[in-house]
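Fold and geometry: a report
Okay, here's what each chain looks like letter by letter:
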Amino acid sequence: VQLQASGGGLVQAGGSLRLSCAASGLTFSNYPMSWFRQAPGKEREFVAGISGSGGNTYYADFVKGRVTISRDNAKNTVYLQMNSLKPEDTAVYYCAAAKSYTIIDVVGGMHYWGKGTLVTVSS
């Protein structure tokens, strides 16, 4: 299984970024997908998750209203649209897949991880 995240970069506060995560080696639609992030010196934390069908989503409180997770099962890709970015959103963002029937929001519940993409938000 491979998960390849992309789309990170440097953006000014208030700007937007769209992250993508392309998956291979698994039956993509069977896996709920989640995005996590890890800022320097901090633990990895859940950002957003989406069910295998895409019909259900779940967000961390600190991104509600600013972030949208979506997926295209035909392309084996999950997306994270981030708007109104803040300097505190600066982190490496990881996509992950869970062998689960439901969205998983804890690091220990994920089975496959991508390598991450760096998002830097300048003030």
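Here, the structure is the one placed above.
Scope of this entry: the structure provided in the associated data block. (Residues numbered from 1 in each chain as written. Predicted model: local features only at pLDDT ≥ 70, side-chain atom pairs only at ≥ 80, totals over all residues. Heavy atoms only, no water.)

Quick look at the pairing of strand E11 (residues 117-122)
- Residues of E11 alternate between two faces, with Thr117, Val119 and Val121 buried on one and Leu118, Thr120 and Ser122 left unburied on the opposite face.
- Relative to E11, strand E2 (residues 9-12) runs parallel, the two sharing 4 bridges. Across the sheet, the residue bridging to Val11 is Val121, located in E11.
- Here 3 bridges tie strand E9 (residues 91-97) to E11, and the two strands are oriented antiparallel to one another. By the bridge assignment for E11, Val92 is matched with Leu118. (Buried < 20%, exposed > 50% of the residue type's maximum accessible area, 1.4 Å probe, protein only. Helix = DSSP H or I, 4+ residues; strand = E, 2+ residues; numbered from the N terminus. Pairing = 2+ DSSP bridges.)

Some words on the pairing of strand E8 (residues 77-82)
- The element E8 is largely enclosed, with a buried count of 5 among its 6 residues.
- Pairing of strand E3 (residues 17-24) with E8, which is carried by 6 bridges, proceeds in the antiparallel orientation. Across the sheet, Leu19 pairs through a bridge with Leu80, a residue of E8.
- One ladder, built from 6 bridges, connects strand E7 (residues 67-72) with E8; its direction is antiparallel. Note on E8: the bridge partner recorded for Thr68 is Gln81.
- Counted between consecutive antiparallel strands, the loop separating E7 from E8 contains 4 residues, among which Asn76 sits at a positive phi close to 55°.

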